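Examining the three-dimensional arrangement
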Amino acid sequence: MLLSLPFSFYYGSNDIIPISLSAAITMVIGALGFFLFKSKQEVRPKEGFMIVALGWIVFSALGSLPYMLGNYIPPFTDAFFETMSGFTTTGATILTDIEILPEGILFWRSFTHWLGGMGIIVLGIAILPLLGVGGMQLFKAEVPGPIADKLTPRVTETAKILWIVYVLLTAIETALLMIGGMNLHQSLCHTFGTMATGGYSTLNKSVGGFDSAYIDYVIIIFMILAGMNFSLHYRMLKGNVKEMFINRESQFYFAIIGFATLVIGIDTYINNYSSILETLRYTLFQVVSIITTTGFGTADYEQWSISSQLVLFLLMFIGGMAGSTGGGMKVMRIYLLFKFVYAEIVRLVHPQAIVPVRMGNITVNRDVMMNVLGFFVLYMLIAAFSSLYLSFYEIDIATSIGAVAATLNNIGPGLELVGPTDNYAFLPSPVKWHLSFLMLLGRLEVYTVVILLAPSFWQK
């Protein structure tokens, strides 16, 4: 929070006291927790799940203090929704006018994205050993995707490597956006939203408000990078560039982006735009923004045809690659599901055949495959029941489904009344709390939160 203050002083905004007071309250609570509950025992898997899930709730509660103390978002429900949306890199907002907020608050709002993107818990792994606590259980519970990609034997070193890559890409994008005409404040805020695949902007019109092809393409490139497995970036920095292109998941990721851009591009070129370059610019931006679950906007895709909107809706559930900052079900799971279906079809034709599911040259073991299938079924059931729950509040079905897809997949903009030019302010409080819970579910890969609801979890 204190990192927001330099912008408050520079712009002479009225948020200095709310931010300072919020930081002080947070430090006091953190210090009390540290000294009262400090333990040198090893963190077990059960405790790891608890710390990750409840930690995110505490972060969001404390993170909402600047909004409430400054009277920028007075109701706790709305302030919590906005902060949970930030930390989970969802980007859904209840704000009707973003540009009236002071610069310090806008920085904090975007900074919650950046912190949540790589994961505050992963950052904690780098310092937990200093407190005499191990962190492997936290790493397994936090890292997105069906398999935690451990780059080094020591999880602490892994966390540090991930953060170094994250900070390096952040610095590069910030510099490139400043070259494109953004000031430092705008560059940092939009870089935070890009690298975390969050989507909070400082403008009401999002990235489209800058009306710059250069800025659009810079953000497109970094959204694509943020939606990729960060271990691939690390290997690329070590000189293994070809790994990014021979990796099966990244190949599938780029194929989906290319195919979706082609399909929507043909439609929008015929019905919406007058040139191929204009079509490519706006279509590619929205495709990448949705599949990486960033949620930035340069065009109102609700003005596009139903078929194009349907393609974007499907992309919402695919999401980024495992090990990225993106949300959704992850490209790896979708790839494995396709491979599994193909293998089952072959078995039907040749009952005696042994058809393993492979990821490149690696055979996927049955436990991982069952995890993926269970995740998919649970994910779809949560989406279906949540859409039904929203409809009980007389919210139309398209808006209900769109809001659930946008929050569960950590995207932000949905469909109809929560589309790219709308917000979530009109929703009743119970719905906002439910959507906040969906954001947490999506960010922590469902199982991490759902496991806390199982009676067996609480048994010794």
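Predicted model only: the values in this text are computed from it and were never measured.

Here the focus is the overall build of the protein. On a plain count of helices and strands, the protein comes out with 21 helices and 2 strands. Over its C-alpha trace the protein gives a radius of gyration of 22 Å, about what one expects of a compact globule, namely 23 Å for 460 residues. Taking the principal axes of the C-alpha coordinates as reference, the protein spans close to 70 × 65 × 55 Å. When each of the 460 residues of the protein is scored for burial, the buried share is 56%. A separation threshold of at least 6 residues defines the contact pool for the protein, and within that pool the share at least 24 residues apart is 69%. A total of about 20,000 Å² of accessible surface is found on the protein, and carbon and sulfur atoms cover 69% of it. Across the protein, the 24 positively charged side chains and the 27 negatively charged ones have centroids separated by 18 Å.

This next bit is on helix H20 (residues 429–443). Note on helix geometry: an α-helix contains 3.6 residues per turn, so any two residues three or four positions apart are oriented the same way. In this model, H20 (15 residues) spans 21 Å end to end at C-alpha, consistent with the 21 Å of a helix rising 1.5 Å per residue. With respect to burial, H20 is a largely interior element, 11 of its 15 residues being buried. Buried residues of H20: Val431, Lys432, His434, Leu435, Ser436, Leu438, Met439, Leu440, Leu441, Gly442 and Arg443, and no others. Glu445 sits one or two positions beyond H20 and adopts a positive phi of about 65°.

The final tally for this structure, using the stated rule, is 27 aromatic pairs. Their ring planes at 80° and their centres at 6.2 Å tell us that Phe87 and Trp108 sit as a pair that is edge-to-face. Taken together, the residues span a long stretch of sequence, with Phe87 in helix H5 (residues 76–87) and Trp108 in helix H6 (residues 103–118) at a distance of 21 residues. Across this residue pair, the class does not change: Phe87 and Trp108 are buried. Ring geometry for Phe107 and Phe192: centres 5.5 Å apart, planes at 75°, overall edge-to-face.

Turning to the packing of helix H14 (residues 248–271) against helix H17 (residues 331–349), a few remarks are in order. The geometry of a pair of packed helices is captured by two quantities: the angle between their axes and the separation between those axes. Across the interface, H14 lies against H17 with an axial gap of 9 Å and an inter-helix angle of 95°. What the angle tells us is that H14 and H17 run roughly perpendicular. In contact with Arg248, Glu249, Phe252 and Tyr253 of H14, H17 contributes Val331, Met332, Ile334, Tyr335 and Phe338. Of the residues assigned to the contact of H14 with H17, the class counts are 7 nonpolar, no polar and 2 charged.

With that out of the way, let us pick up the side chain of Lys432. If you trace the backbone, Lys432 turns up in helix H20. Classification of Lys432 by relative accessible area gives buried; the value is 4%. A polar atom in the side chain of Lys432 sits 2.7 Å from the side chain of Asp78. Every residue in contact with Lys432, bar those within four places of it in the chain, is listed here: Thr77, Asp78, Phe81, Ile94, Tyr424, Ala425 and Leu427.

Here we come to a nonpolar patch on the surface. A surface patch of nonpolar side chains, amounting to about 620 Å² of accessible area, comprises Val377, Leu381, Phe385, Leu388, Phe392 and Tyr393. In this fold, Leu381 is placed in helix H18 (residues 366–391). The exposure class assigned to Leu381 is partly exposed, which follows from its relative accessible area of 44%.

The final tally for this structure, using the stated rule, is 7 salt bridges. The partner of Glu445 in a salt bridge is Lys330, and the shortest N-O contact between them spans 3.0 Å. Here Glu445, found in the loop between H20 and helix H21 (447–450), pairs with Lys330, found in the loop between helix H16 (306–318) and H17; they are 115 residues apart in sequence, far enough to count as distant. Each member of the salt-bridge network shares a partner with another, and the members are Asp211, Asp216 and Arg281.

The phi torsion at Lys330 lies on the positive side, around 85°, for a residue other than glycine. Using a relative accessible area of 1% as the deciding quantity, one classes Lys330 as buried. Although it is not a glycine, Asn410 sits at a positive phi angle of roughly 60°.

Within the largest apolar cluster, 123 residues are counted, with the highest numbers of intra-cluster contacts made by Leu315, Leu336, Tyr424 and Leu435. Sorting elements by how many residues they give to this core places helix H11 (residues 213–226) first, with 9 residues.

Position of Thr202 among the secondary structure elements: in the loop between helix H10 (184–195) and H11. Given a relative accessible area of 7%, Thr202 falls into the buried group. Thr202 sits 20 residues away from Met182 along the chain, and the two C-alpha atoms are 11 Å apart. Among residues more than four places away in sequence, those in contact with Thr202 are Ile98, Glu99, Leu106, His185, Gln186, Cys189 and His190.

Here we take up the side chain of Ser85. Considering the arrangement of structural elements, one finds Ser85 in helix H5. In terms of polar contacts, Ser85 uses its side chain to reach the backbone carbonyl oxygen of Ala92, at 2.7 Å. What Ser85 contacts, discounting residues up to four positions off in sequence, is Thr90, Gly91, Ala92, His113, Tyr200 and Met439.

In the contact formed by helix H19 (residues 397–408) and H20, the axes pass within 7 Å of each other and the chain directions differ by 40°. It follows from the interaxial angle that H19 and H20 lie oblique. For the pair formed by H19 and H20, the contact residues are Ala403, Val404, Thr407 and Leu408 on the first element and Leu435, Leu438, Met439, Leu441 and Gly442 on the second.

Definitions and limits used
Here the residue index of a chain counts from 1 through its sequence in written order. Selection of residues for local features in this predicted model requires a pLDDT of at least 70, selection of side-chain atom pairs for listing and counting requires 80 or more, and totals for whole chains, interfaces and linings are taken over all residues. To obtain the side-chain values, all non-hydrogen atoms of the structure were included, while hydrogens and water were left out. Each helix is a run of DSSP H or I of at least 4 residues and each strand a run of E of at least 2, with the numbering of both proceeding from the N terminus. Throughout, radius of gyration means the C-alpha value; the globule benchmark is 2.2 Å times the number of residues raised to the power 0.38. Burial status follows relative accessibility: with a 1.4 Å probe on protein chains alone, a residue under 20% of its type maximum counts as buried, one over 50% as exposed, and anything between as partly exposed. Any pair of residues with heavy atoms lying within 4.5 Å of one another is described as a contacting pair. Throughout, the Shrake-Rupley method with a 1.4 Å probe supplies accessible areas, and for residues the shown protein chains are the sole cover considered. We treat Lys and Arg as the positive residues and Asp and Glu as the negative residues; His and chain ends play no part in the count. Where a charge lies is defined by one atom per residue type: Lys uses NZ, Arg uses CZ, Asp uses CG and Glu uses CD. A helix is expected to reach a length of 1.5 Å times the quantity of its residues less one. Aromatic contacts are taken between Phe, Tyr and Trp rings whose centres are within 6.5 Å, Trp giving its six-membered ring; a plane angle under 30 degrees counts as stacked, one over 60 as edge-to-face, and the others as tilted. Helix axes are fitted only over the stretch in contact, all axes being lines through C-alpha atoms; the angle between N-to-C directions runs from 0 to 180 degrees. Working definition: roughly parallel below 35 degrees, roughly antiparallel above 145 degrees, roughly perpendicular at 65 to 115 degrees, and oblique for all remaining angles. Each residue gets one label: Ala, Val, Leu, Ile, Met, Phe, Trp, Tyr, Cys and Pro are nonpolar, Asp, Glu, Lys and Arg are charged, and the others, such as Gly, are polar. Here a polar contact means two N or O atoms within 3.5 Å. Within protein one must be a hydrogen donor candidate and the other an acceptor candidate, and residues neighboring in sequence count only if both atoms are side-chain atoms. Residues forming no salt bridge and having over 30% relative accessible area are the ones grouped into patches, like charges within 9 Å of each other and nonpolar side chains (Val, Leu, Ile, Met, Phe, Trp, Tyr) within 5 Å. A pair is scored as a salt bridge if a Lys or Arg side-chain nitrogen falls within 4 Å of a carboxyl oxygen belonging to Asp or Glu. Here, nonpolar core refers to any group of buried Ala, Val, Leu, Ile, Met, Phe, Trp, Tyr and Cys residues whose side-chain atoms link them within 4.5 Å.

Everything listed here is a matter of geometry and, on its own, says nothing about what the molecule does.
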